[in-house]
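Working through the structure, step by step
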Amino acid sequence: MRSIRTRITIIIVVAIVLSTGVSTAMGIYDVADIGQESSEQQLQLLCENGEKNLDSYFDSVGQSVEMVSSYAEADLESEPNRDLREHIKKVDIFFGKLARQTNGVYTYYYRLDPSVSDDVKGFWYVDADGNGFVEHESTDITQYDINDTSQLVWYTVPRASRKPVWIPPYITDNLDVRVVSYNVPVFYHDQFMGVIGIEIDYSTMASQVDNIKLYDSGYAFLSDEEGNLIYHPNIDVLSLPKEEIPQTPEELKEHEKFIHYEFDGIEKVAYRLPLKNGMILNVVVPVSEVNASWRSLIWKTIWVSLGMLIIFILLAWQFASHIIKPLSELAKASEKVSDGDYDVELKYKGRDEVGTLTKSFKSLISHLKAYISDLNNLNKQLQEDNLSLEAATIRDSLTGVKNRFALRRDYDNYHEQDIHIMMLDIDDFKKVNDNYGHSVGDFLLKKTGDALLDNFGAEYSYRYGGDEFMVIYPEIPEEEFKSLIVSLEEQLEEIYLEEKRLPVHFSAGYVYGETLLRDDLRLMLRAADELLYEAKKSGKNAFIGAEYNREIAENIPKKEEESFRQG
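Residues numbered from 1 in each chain as written. Predicted model: local features only at pLDDT ≥ 70, side-chain atom pairs only at ≥ 80, totals over all residues. Heavy atoms only, no water.

**Focus on a nonpolar patch on the surface**
Nonpolar side chains collect at one region of the surface, where I10, V14 and L18 lie side by side and expose about 230 Å² of accessible area between them. For I10, the position within the fold is in helix α1 (residues 4-78). (Patch = residues over 30% accessible without salt bridge, like charges linked within 9 Å, V, L, I, M, F, W, Y side chains within 5 Å. Areas by Shrake-Rupley, 256 points an atom, 1.4 Å probe, with all protein chains shown as cover. Salt bridge = Lys/Arg side-chain N within 4 Å of Asp/Glu carboxyl O. Helix = DSSP H or I, 4+ residues; strand = E, 2+ residues; numbered from the N terminus.)

**Considering the pairing of strand β13 (residues 461-465)**
Within β13, four of the five residues are buried, leaving the element largely enclosed by the surrounding structure. In this structure, the hairpin formed by β13 and strand β14 (residues 468-474) is closed by a connection of two residues, where G466 is found at a positive phi of approximately 60 degrees. (Buried < 20%, exposed > 50% of the residue type's maximum accessible area, 1.4 Å probe, protein only. Pairing = 2+ DSSP bridges.)

**Quick look at the packing of aromatic side chains**
Across all of its chains, the model carries 23 aromatic pairs by this definition. Measuring from ring centre to ring centre gives 4.7 Å for F258 and Y271, while their planes differ by 70 degrees; the resulting arrangement is edge-to-face. Taken together, the positions of F258 in strand β9 (residues 258-263) and Y271 in strand β10 (residues 266-274) put the pair 13 residues apart, joining distant regions of the chain. Looking at Y271, the relative accessible area reads 3%, which means it is buried. (Phe/Tyr/Trp six-rings, centres within 6.5 Å; stacked < 30°, edge-to-face > 60°.)

**Quick look at the sheet that holds strand β6 (residues 191-201)**
The six strands are arranged β3-β2-β1-β6-β5-β4 in an open sheet whose pairing can be described as antiparallel. In the strand order of this sheet, the two ends are held by β3 (134-135) and β4 (165-171), each with one partner. Note that β4 and strand β5 (residues 178-188) share five bridges and pair antiparallel. From the neighbouring strand, I171 faces β5, where its bridge partner is R178. Across the sheet, helix α3 (residues 153-161) touches β1 (105-112), β4, β5 and β6, and the angle it forms with β4 is around 155 degrees. (Contact = heavy atoms within 4.5 Å. Axes fitted to C-alpha atoms, helices over the stretch in contact; angles between N-to-C directions.)

**Concerning the pattern of salt bridges**
All chains considered together, the criterion is met by 21 salt bridges. For D434, the salt bridge identified is with K430, shortest N-O distance 2.9 Å. Here K430 and D434 lie together in helix α9 (residues 429-436), a separation of four residues that amounts to about one turn. The residue K446 makes a salt bridge to D450 at a minimum N-O spacing of 2.8 Å. Of this pair, K446 and D450 are both found in helix α10 (residues 438-456), four residues apart, which corresponds to roughly one turn of the helix. D450 sits in the partly exposed class, given a relative accessible area of 22%. Connected via shared salt-bridge partners are D519, D520, R522, R550 and E554.

**Details of empty space enclosed by the protein**
Applying the stated rule across the entire model yields four cavities of 30 Å³ or more. Of the pockets and cavities examined, the largest cavity occupies roughly 80 Å³. Surrounding the largest cavity, 10 residues form its lining, Y109, W124, S138, T139 and W154 being those nearest its centre. Residue composition of the lining of the largest cavity, by class: four nonpolar, three polar and three charged. (1 Å grid on protein atoms, 1.4 Å probe; cavity = no way out; pocket = protein on both sides within 12 Å on 5 of 7 lines; lining within 4 Å. Points joined across faces, edges and corners; volume = space filled by probe spheres on them. Nonpolar A, V, L, I, M, F, W, Y, C, P; charged D, E, K, R; others polar.)

What follows is the structure in structure tokens.
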């Protein structure tokens, strides 16, 4: 027969094990779920930041080249009979100023087509040692078959395509240096005159990609849409024969953003985004490292639970020997704890053995509740961090309304709903910037965002770009929606800067109806944008609304920036 000490100890231990086990299991589940979600969001945010940095860099290069090509074509138009040498000299001066202001430029050039002139070739400048650009002898184009786009790609490809083009990494002629180039063909009255371009040092692009790192061994690399590697930090792509360059795993050729795959026996997770120059940015990290942070926390939780469990068992065994009175009250309390109810009340305060055990049991419960509270606080903190991260990615930092990322995320929420969708922008906003400065322009944008939040709410207000805003409001009568627009108009007319009222007006276009089909929201947005255009043509400071007509909306010409809504 077991002794009372043994029986009491068994009861207490069972209660502790059950309650601690249930609490620990629940904490582990929550930590794992939130930790996994947080890790994926870190990976996504890192890739999106990398995409923005690379696109911004490529945009700066592209804008410089396009400015020079526009200047060159305008110069040809202004004085068509001018000596080509004088034309080249002017473009040379203009291009040189821009090239010196553009980061990472290795060479820049303006190469005339041999059919245009036999003796005027153009110019080619090279910054080989980082000490400034030095003019280099131009490549003799007549030595190449200019109809073969595999040769002299910086010249033959834009000549054949007749449009600006980014050329993937190649070894530049005569210099034996790895570069990526952006080239724009120059025309005069539809006659091909030559090519203007900038070559970026391959290492400059590579260093930006190398800066994208996550955890211990995460990395980023560039590929094209077919899965061919363009740059990889661990593979010298340009030094290998084409047939020896590894292909990216098949999973990375899909159109999904989040991808799980296995490479060389290592399970990995990747997030991929397209760049504006046609490349694909891939950010990769081993799954083991993604899980390591929250798994470490789980193991700490388990070890702390085991340590506390051992301590409590020893305490229970020690104090069980002092029990001399009936233990019904303690037994009932133990049953409640085993069911997960820690709000037990023990009134016995005697100084005998039962009193001592009662006091120890109370201490045990207090420790358990504190431990569970710590776990709950940790879970709450993780949830708050995730909410803060999400808020930072979906809110426009200047105006406080939602951004385009939020619009993409919310797109499906408006399906099969009766909605009003409105496009609006500030009339003559450029004049405000010109007359008062960009700080006043930003102040006006902020006030416009405040007015949208006051009248339409944070859930339905978006900044579409520049001074253009959008409202998508579900389930509201037409007259009530009009009254909100009037209220918005009145609020914007009362904007003061240093006690002086700003002359602010806006124009808007909106449609209302039900989004029955998957693309109705996209078509309604197109129709609202068209009504905004009509409001502008009518003299501005107006808003025009209409009921949604799918057939009419489908016949409205599509704008380039509408493409994001189809995803």
